[in-house]
Amino acid sequence: LTADAGDESMVVLWDADTGQPLRTIASPHPAGVAAMDVSSDSQYLVLISAPTVFDTEDGPGAEQEISLWDLGQDGSLDAPAAVGNVPAGDVQTCVKLNRDDPSEILSNGKQRAYFWKTQLPVSREFKYYSPPVSARDFKQAIGDFTLSVFLPGTRMAVTGTVDGDVVVWEEGASLGEPTSRPSDRRAVKILRIHLEAAITALTTVGSFIVSGGSDGCIRFYDAKLRLAAWFDDIRAGPITSISFASARIPSMYEVEDPEKFIAPDFTVGTSRSRIVAVKSESFERSDLPKGGELVLEGTFGRVDGLAAHPMRPEFCAASSEGLMWVWNYSTKHLMSTREFESLEPCIVAYSPDGAFMALGCTNGTVRILNPDSLEDVHAFRFVTSKCMRMTFSGDSQILAVADANGYVSIVTFGHGRLKDKWDF
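It should be emphasised that the depicted structure is a prediction, and the values quoted were computed from it without experimental measurement. (Residues numbered from 1 in each chain as written. Predicted model: local features only at pLDDT ≥ 70, side-chain atom pairs only at ≥ 80, totals over all residues. Heavy atoms only, no water.)

Engineer: Explain the overall build of the protein chain residue by residue, including any values.
Structural biologist: When its secondary structure is counted, the protein chain shows 1 helix and 36 strands. In the protein chain, once contacts between residues fewer than 6 apart in sequence are set aside, the share between residues at least 24 apart is 41%. (Helix = DSSP H or I, 4+ residues; strand = E, 2+ residues; numbered from the N terminus. Contact = heavy atoms within 4.5 Å.)

Engineer: Describe the pattern of salt bridges, with residues and values.
Structural biologist: Going through the model one piece at a time under the given rule, you end up with 21 salt bridges. Its salt-bridge partner being R99, residue D37 comes within 3.1 Å of it at the nearest N-O pair. Remark: R99 occurs in the loop between β9 (94-98) and β10 (101-108) and D37 occurs in strand β4 (residues 33-38); sequence separation between them is 62 residues. Residues joined by salt bridges that share partners form a network here, namely E104, R155, E171 and R185. (Salt bridge = Lys/Arg side-chain N within 4 Å of Asp/Glu carboxyl O.)

Engineer: Describe in detail the side chain of T270, supporting the description with residues and values.
Structural biologist: You can see T270 is positioned in strand β22 (residues 266-270). For T270, the contacting residues outside a window of four places in its chain are A236, G237, P238, I239 and T240.

Engineer: Can you lay out the nonpolar core for me, pointing to particular residues and giving the numbers?
Structural biologist: Formed by 20 residues in total, the largest nonpolar core has its most connected members in I218, F220, F231, I242 and F266. Elements that contribute at least two residues to this core include exactly β17 (199-205), β18 (208-213), β19 (218-221), β20 (227-231), β21 (239-244), β22 and β23 (274-278). With 3 residues, β21 is the single largest residue contributor to this core. For F231, the residues in contact, after removing those within four places along its chain, are G216, C217, I218, F220, F261, F266, V278, K279, S280, S282 and F283. (Core = buried A, V, L, I, M, F, W, Y, C linked by side-chain atoms within 4.5 Å. Buried < 20%, exposed > 50% of the residue type's maximum accessible area, 1.4 Å probe, protein only.)

Engineer: Explain the layout of surface pockets to me, using residue names and the numbers behind them.
Structural biologist: Looking at the largest pocket, its volume works out to about 890 Å³. Taken together, 32 residues line the largest pocket, and the ones lying closest to its centre are D37, V38, K96, R99 and T203. (1 Å grid on protein atoms, 1.4 Å probe; cavity = no way out; pocket = protein on both sides within 12 Å on 5 of 7 lines; lining within 4 Å. Points joined across faces, edges and corners; volume = space filled by probe spheres on them.)

Engineer: Could you give an account of the sheet that holds strand β11 (residues 113-118), with specific residues and numbers?
Structural biologist: Read across the open sheet, the 4 strands follow the order β9-β10-β11-β12; overall the sheet is antiparallel. Because the sheet does not close on itself, it has two edges, and the strands there are β9 and β12 (126-129). The average undirected angle you get between the axes of adjacent strands in this sheet is 25°. Across 5 bridges, β10 lies against β11 in antiparallel orientation. (Pairing = 2+ DSSP bridges. Axes fitted to C-alpha atoms, helices over the stretch in contact; angles between N-to-C directions.)

Engineer: I'd like a rundown of the state of the cysteines, residues and numbers included.
Structural biologist: Within the structure shown, the criterion is met by 0 disulfides. In this structure C361 is not part of a disulfide, and its nearest cysteine sulfur, from C346, lies 6.3 Å away. (Disulfide = S-S within 2.5 Å.)

Engineer: I'd like a rundown of empty space enclosed by the protein, residues and numbers included.
Structural biologist: In the structure shown here, the tally under the stated rule is 1 cavity of 30 Å³ or more. Of the volumes computed, that of the largest cavity is approximately 40 Å³. In terms of lining residues, the largest cavity is bounded by V158, V166, I193, L202, I209, S211, Y221 and L225. Per-class residue counts for the lining of the largest cavity are 7 nonpolar, 1 polar and no charged. (Nonpolar A, V, L, I, M, F, W, Y, C, P; charged D, E, K, R; others polar.)

Engineer: Residue-level account of the environment of D184, with values.
Structural biologist: Of note, D184 is situated in the loop between β15 (165-171) and β16 (185-192). D184 gets classed as buried once you look at its relative accessible area, which sits at 7%. On a C-alpha basis, the gap between D184 and W169 in space is 9.4 Å, while along the polypeptide they are 15 residues apart.

Engineer: Lay out the side chain of N108 in plain terms, naming residues and giving numbers.
Structural biologist: Position of N108 among the secondary structure elements: in strand β10. At a separation of 2.8 Å, a polar atom in the side chain of N108 contacts the side chain of S148. Among all residues touching N108, those that are not within four sequence positions of it are Q92, T93, C94, A113, F145, T146, L147, S148 and T159. (Polar contact = N/O pair within 3.5 Å; in protein donor to acceptor, adjacent residues only side chain to side chain.)

Engineer: Give me the packing of aromatic side chains: which residues, what numbers.
Structural biologist: According to the stated counting rule, one finds 21 aromatic pairs in the structure shown. With centroids separated by 5.8 Å and ring planes inclined at 85°, the aromatic side chains of F208 and F220 adopt a geometry described as edge-to-face. In this pair, F208 sits in strand β18 while F220 sits in strand β19, placing the two residues 12 residues apart along the sequence. Residue class for F208 comes out buried when judged on its relative accessible area of 12%. Under the relative-accessibility criterion, F220 is labelled buried at 0%. By way of ring pairs, the aromatic residues F208, F220, W230, F231, F244, F261, F266 and F283 are connected into one cluster. (Phe/Tyr/Trp six-rings, centres within 6.5 Å; stacked < 30°, edge-to-face > 60°.)

Engineer: Residue-level account of the pairing of β4, with values.
Structural biologist: As paired elements, β4 and strand β5 (residues 44-49) share 5 bridges and run antiparallel to each other. Paired with M36 across the strands is L47, a residue of β5. Linking β4 back to β5 in an antiparallel pair, the connection comprises 5 residues, with S42 at a positive phi of about 65°.

Engineer: Give a detailed account of the sheet that holds strand β2 (residues 10-14), specifying residues and quantitative values.
Structural biologist: Across the sheet, which stays open at both edges, the 3 strands sit in the order β1-β2-β3 with antiparallel pairing between neighbours. Among the strands making up the open sheet, the edge pair consists of β1 (2-3) and β3 (21-26). Relative to β3, β2 is paired through 5 bridges, and the arrangement is antiparallel. Along β3, the bridge assignment pairs W14 with P21.

Engineer: Would you mind going over the confidence of the model for the protein chain in detail, with residue names and values included?
Structural biologist: One rule of thumb: low pLDDT means the predicted coordinates there are not for detailed reading. When pLDDT is averaged across the protein chain, the result is 89; 93% of the residues are at 70 or more. Per-residue pLDDT, averaged within each element of the protein chain, yields its smallest value for strand β36 (residues 421-423) (72) and its largest for strand β13 (residues 145-150) (97). (pLDDT = per-residue confidence, 0-100.)

Shown next, in the form of structure tokens:
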């Protein structure tokens, strides 16, 4: 399933084998879709609309809707099975169906979480409850919410935060509150599951809840939120998604060692435009790569620098996010990459003989690089303004750099006693 936001938005149900569209929902909401989820039996699809912005006397406002669609019905999907308005005040960015009870839905924005209950087939309306959460109750600050999920096999749910915590929601009736409705939840505790890192991915597989963080780590927890396994060596950037090869995990009666960690293999996507395949057995087996296998790497951020190699079918791209790539455009293979943690590259140039590459940055830093390894040959910073233009002389011995303040700096090669240094 895919969905988009904006004018003329659409939800498309695709055939996973052929890549052909099977069914579509045209313009499900006026501004498109912000978040969606599908039930475990693939019958129901829930959508949270992108906010429709409008002007009020107190400033700009936003409206959102939640809708439930029955994918099991025959014919076209012209109207949702249930629809409701999201209360104003906190734009919802995540929505999840309860895998054990698809009539129950959980959504969250930065500050509030809503538990929704459908009334089908009696009514097309939703009932909802938003439990209060106070820093005073837990004697600690509570960061902005990121993602939510129901804990499989329980009546609990969790919501992740930018601080690496999860807020645990439990039914009021199970807490000894006889006046509570079955759908009412209470925040009962807050647990830190990622150290100084936002929770950026949250899902379930079997009886595990699985989290991914901005620290690039994956953690598996059991239904009691006890740590079962961790994958801290992926090193591909902040996690944005986690997908498993299978939704089923063998039961304790189907395995020889019930204490052994067993989970399907999985792939992770990251904000660094990388997809990594990870074998779950690598948690306990030393002969498997702990960091997984890189499946795909793309560009991310704005590409500000681009230059072609003068001798070979290669080009280099420099991203505003601090990454450089060298690609062979004949074989379409990635040759080398380098990431700069504290620099923002904005321009790149090859010397005419292909022996050097120059990289200019927004803070005025200039680096002479080896074009094959992308390792530093020399580094300068003689200005503090953005590098705007760079060019080498025909003999590759002189580099001229123009900056945003209107200056041109000249760097020459071969001066000094060693005849192998770049000098300003």
